[in-house]
Structures are given as structure tokens and as C-alpha cells.
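So the chains spell out like this:
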Amino acid sequence: VAPTRANMLSGAAIFAVGDLLAQQIERRSGTSRSADANPVCVQRIASSASLGSVWNGMCSPQVYRFAESVLPGKAMRSILLKTAMTVGFLSTCGNYCNLLARKLLAGEQVAAAVAAINEGMGEVVAADLKVWPVWDIVQFACVPPTYRPVLTAVVCCGWSTYISMVAMRDVR
């Protein structure tokens, strides 16, 4: 129970920080959808935190635990197969669900959200494949399972920033 609670809290913090960074990048680049004087959208940060709590607290760790339980050890074959499992699920279904939840929490209509995600999903998967397979290979080969959630959190904060920016790119 304690690891799940810790994962939920760290997930909420990671997604909130990622979204805050995304909003700052959007504002500085002139792509922010917020026309008001408020430098951040607290509702968007709270929505991201809620999503992060569920995603990093329950979903993502289960995928990694399953991969480790099915293919234990540090043999190169095992590492590559675990990476294929995690990337195969999280890079596609995981990113799709993450984007959809962010768009819906921002008030986007379901049909518009699905259409936008379908149109841009190739870009997201391509970006994902530049980050997560490398990290997964490193973590499965070098990082003890106890420390994986904490170290993955660092990578996840950057990824959360990217996903937040993609999700809000065309929300009306």
C-alpha cells in the first residue's frame, strides 16, 4: 500500500510540475491559449495532478511490474523484451489515454479530442520512441527495482511537460 501511495503523490507532483513548466513555455513562446493576466491556469495544473496521481500511482507501475514479473533478470534478451512490452503499451495506449484525459479535463468535446489525438498521435509516438526505450533499457539493466520509480520520475517530468503542451495545443 505504501508504494502505491508514494507513487500517487509523486505522480501528482510530477504531472503538476510538468504542466506548470508547459504553461510557462507556452506563455513565453506565445502559444498560450490563456488570454488573461493570470500567469498559470490552476485548474489545468490540478487536472494534471489528478491524472498523474492515477497514472503514476496505479497504471504505469503495473505495466513495469508486469514486465519484470514475466521477464525477470538482466539478460539482454530479457531487458529488450521488457522494453518492448512497456513501450508497446505505454507509448501507444498510455499516451493516447493521457492525451484524451487531459483534453477532456480541459473541457474539449469527446469527438474533437479524439480527432485531434488521432491526427497527432504519430508525432507523439515518434517523440516517445526517442525517450522511453533508451530509459527503459538503462533502468532495466542498471537500476534496482526499488529506485526505478524515483529515477523514472525525473524522466517523466520532462515527458509530462511535452504531453501537456501537445494536449493543449488545439484545445478551444
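Everything below is about the structure shown above.
Note that the structure is a prediction, hence the values are computed from the model and not measured.

A. A look at the overall build of the protein chain. Regarding its fold elements, the protein chain presents 5 helices and 0 strands. Sequence-ordered secondary structure for the protein chain, helices as α and strands as β, is α-α-α-α-α. By the compact-globule yardstick of 16 Å for 172 residues, the protein chain fits well, its C-alpha radius of gyration being 16 Å. Reported as C-alpha extents along the three principal axes, the dimensions of the protein chain are approximately 55 × 35 × 25 Å. Sorting the 172 residues of the protein chain into buried and exposed places 42% on the buried side. Intrachain contacts of the protein chain at a sequence separation of at least 6 include 73% that bridge at least 24 residues. Both charge centroids of the protein chain, one from 15 positive and one from 10 negative side chains, sit 7 Å from each other.

B. Main features of the layout of surface pockets. Reported here for the largest pocket is a volume of approximately 550 Å³. Elements with a contribution of two residues or more to the lining of the largest pocket: α1 (2–29), α2 (42–70), α3 (76–105), α4 (110–142) and α5 (148–168).

C. Looking closely at a nonpolar patch on the surface. Nonpolar side chains collect at one region of the surface, where V17, L21 and I25 lie side by side and expose about 230 Å² of accessible area between them. Looking at the secondary structure, you find I25 in helix α1.

D. Region of the structure containing the pattern of salt bridges. Taken as a whole and assessed by the stated rule, the structure comprises 5 salt bridges. For R44, the salt bridge identified is with E26, shortest N-O distance 2.9 Å. Placement of the pair is R44 in helix α2 and E26 in helix α1, with a sequence separation of 18 residues. Judged by its relative accessible area of 6%, E26 is buried. A salt bridge links E123 to R169; the nearest nitrogen and oxygen atoms lie 3.1 Å apart. One end of the pair, E123, is in helix α4; the other, R169, is in the segment after α5, and 46 residues separate them in sequence.

E. Layout of the packing of aromatic side chains. For the structure on display, the rule yields 2 aromatic pairs. Aromatic pair Y64 and F140: ring centres 6.0 Å apart, planes at 45°, arrangement tilted. One end of the pair, Y64, is in helix α2; the other, F140, is in helix α4, with 76 residues separating them in the sequence. For the residue pair Y64 and F140, the accessibility class agrees, reading buried in each case. Pairing W159 with Y162 gives two aromatic rings, centres 4.9 Å apart and planes at 40°, and the pair type is tilted. Placement of the pair is W159 and Y162 together in helix α5, with a separation of 3 residues, close to one helical turn.

Definitions and cut-offs
- Residues numbered from 1 in each chain as written.
- Predicted model: local features only at pLDDT ≥ 70, side-chain atom pairs only at ≥ 80, totals over all residues.
- Heavy atoms only, no water.
- Helix = DSSP H or I, 4+ residues; strand = E, 2+ residues; numbered from the N terminus.
- Rg over C-alpha atoms; globule rule 2.2 N^0.38 Å.
- Buried < 20%, exposed > 50% of the residue type's maximum accessible area, 1.4 Å probe, protein only.
- Contact = heavy atoms within 4.5 Å.
- Lys, Arg positive; Asp, Glu negative; His and termini not counted.
- Charge placed at Lys NZ, Arg CZ, Asp CG, Glu CD.
- 1 Å grid on protein atoms, 1.4 Å probe; cavity = no way out; pocket = protein on both sides within 12 Å on 5 of 7 lines; lining within 4 Å.
- Points joined across faces, edges and corners; volume = space filled by probe spheres on them.
- Patch = residues over 30% accessible without salt bridge, like charges linked within 9 Å, V, L, I, M, F, W, Y side chains within 5 Å.
- Areas by Shrake-Rupley, 256 points an atom, 1.4 Å probe, with all protein chains shown as cover.
- Salt bridge = Lys/Arg side-chain N within 4 Å of Asp/Glu carboxyl O.
- Phe/Tyr/Trp six-rings, centres within 6.5 Å; stacked < 30°, edge-to-face > 60°.

Everything listed here is a matter of geometry and, on its own, says nothing about what the molecule does.
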